[in-house]
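So you can see what is in the structure, the chains are spelled out below.
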Amino acid sequence: MPVVRRTRRIPERKVDIAAAATLTLEAYADTIVPGEKRWPGDRAVAGVSTGGGAVACGALDLLRWDATGIHDGLEDLASRVDGHARAYAEKTGRTLDRTVPPFVSLDYDDRVRLVRELTTPGHPEKDFWVLLSLFCNMAFDSAAHLHTDEAIENGHPGLAAMGITVPDADGLWRFQDFGYGRRLAGLHPDTTPSGSPA
């Protein structure tokens with residue numbers, strides 16, 4: 001009988017980033033999937049939507065995770081988008097509040113316009129911004145940085161908004177309403193208790 005070796009689980013790593021970069025990346029994430037302000041003076045989250053957006057769903061935790069492959073470049077991305085925000089403000093005559101990073105200083109509509117520019121085909125940095133945007137979406141719609149059962153148990157706003165419910169008592173998900181409006185097939189008699197085919 002062959003010997004089965006367990007693979008050693010490599011611990012995940014989350015990079016630390018400066019407070020200013022955190023604010024900028026939170027503002028970017030909130031532009032992609034907006035949510036409500038976390039407190040009245042929240043500058044990163046514009047508060048143009050109700051419920052939790054990408055920031056409340058842990059976008060920064062996901063971005064800082066080494067599994068993304070962009071974790072070591074976050075400070076540079078924050079610096080780049082802040083540079084683009086300065087150029088955008090000069091071009092459009094906006095006055096930036098120097099107490100916060102430039103991108104954070106923009107109002108929501110201006111953030112959207114800038115992100116649209118950055119992600120438009122033909123922009124030389126488009127790939128950076130599309131990738132960053134995808135990870136912000138991923139934090140909301142799949143909670144990729146969390147175990148699904150923990151995310152649901154803790155009321156993850158994105159999964160809740162998508163209608164992902166808690167599993168049944170045995171840990172399996174079953175749906176009362178069939179996707180086609182009717183049951184297509186019965187359970188195979190050899191199906192194991194875990195739901196696997198025998």
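Residues numbered from 1 in each chain as written. Predicted model: local features only at pLDDT ≥ 70, side-chain atom pairs only at ≥ 80, totals over all residues. Heavy atoms only, no water.

- By the naming in an unreviewed UniProt entry, the chain goes by Regulator and is assigned to Streptomyces pacificus.

1. Observations concerning the overall build of the chain
Step number 1: Along its length, the chain carries eight helices and zero strands.
Step number 2: Its helices and strands taken in sequence order, the chain reads α-α-α-α-α-α-α-α from the N to the C terminus.
Step number 3: Taking 16 Å as the expected radius of gyration for a compact globule of 198 residues, we find that the chain reaches 21 Å, considerably beyond that expectation.
Step number 4: Looking at the chain as a whole, 34% of its 198 residues qualify as buried.
Step number 5: In the chain, 55% of the contacts between residues at least 6 apart in sequence involve partners at least 24 apart.
Step number 6: Approximately 12,600 Å² of the chain is accessible, and the part contributed by carbon and sulfur atoms is 54%.
Step number 7: One finds the centroid of the 22 positive side-chain charges in the chain at a distance of 3 Å from the centroid of its 28 negative side-chain charges. (Helix = DSSP H or I, 4+ residues; strand = E, 2+ residues; numbered from the N terminus. Rg over C-alpha atoms; globule rule 2.2 N^0.38 Å. Buried < 20%, exposed > 50% of the residue type's maximum accessible area, 1.4 Å probe, protein only. Contact = heavy atoms within 4.5 Å. Areas by Shrake-Rupley, 256 points an atom, 1.4 Å probe, with all protein chains shown as cover. Lys, Arg positive; Asp, Glu negative; His and termini not counted. Charge placed at Lys NZ, Arg CZ, Asp CG, Glu CD.)

2. Things to note about the side chain of T31
Step number 1: Considering the arrangement of structural elements, one finds T31 in helix 1 (residues 19-32).
Step number 2: In this structure the side chain of T31 is engaged in a polar contact, spanning 2.7 Å, whose partner is the backbone oxygen of A27.
Step number 3: Residues contacting T31, with those up to four places away along its chain left out, are F103, Y108, R111, V112 and V115. (Polar contact = N/O pair within 3.5 Å; in protein donor to acceptor, adjacent residues only side chain to side chain.)

3. Some words on the pattern of salt bridges
Step number 1: For the coordinates displayed, the defined rule picks out eleven salt bridges.
Step number 2: For R64, the salt bridge is made with D16, and the minimal N-O distance between the two is 3.6 Å. With R64 in helix 2 (residues 59-64) and D16 in the segment before helix 1, this residue pair connects regions lying 48 residues apart in the sequence.
Step number 3: Residue class for R64 comes out buried when judged on its relative accessible area of 18%.
Step number 4: On the basis of relative accessibility, which here comes to 68%, the residue D16 falls in the exposed class.
Step number 5: Here the residues in one salt-bridge network are D16, D61 and R64, joined through shared partners. (Salt bridge = Lys/Arg side-chain N within 4 Å of Asp/Glu carboxyl O.)

4. Quick notes on the packing of aromatic side chains
Step number 1: A complete count under the given rule lists two aromatic pairs for this structure.
Step number 2: Here Y28 and F103 contribute two aromatic rings whose centre-to-centre distance is 6.1 Å and whose plane-to-plane angle is 35°, an arrangement assigned as tilted. Residue Y28 is found in helix 1, and its partner F103 is found in helix 4 (residues 102-105); the two are separated by 75 residues along the sequence.
Step number 3: The interplanar angle of 35° and the centroid separation of 5.9 Å between the aromatic rings of Y28 and W129 together place this pair among those described as tilted. With a gap of 101 residues between them, Y28 in helix 1 and W129 in helix 6 (residues 126-141) connect regions that are remote in the sequence. (Phe/Tyr/Trp six-rings, centres within 6.5 Å; stacked < 30°, edge-to-face > 60°.)

5. Examining the packing of helix 3 (residues 74-92) against helix 5 (residues 108-118)
Step number 1: It is at 11 Å that the axes of helix 3 and helix 5 come closest, and there the two elements cross at 115°. The pairing of helix 3 with helix 5 is recorded here as roughly perpendicular in orientation. Regarding helix 3 and helix 5, the two cross each other, and that crossing is right-handed. On helix 5, the residues that touch V81, H84, A85, Y88 and K91 of helix 3 are D110, R113, L114, E117 and L118. (Axes fitted to C-alpha atoms, helices over the stretch in contact; angles between N-to-C directions. Parallel < 35°, antiparallel > 145°, perpendicular 65-115°, else oblique. Left-handed = near helix turned anticlockwise from the far one by under 90°.)

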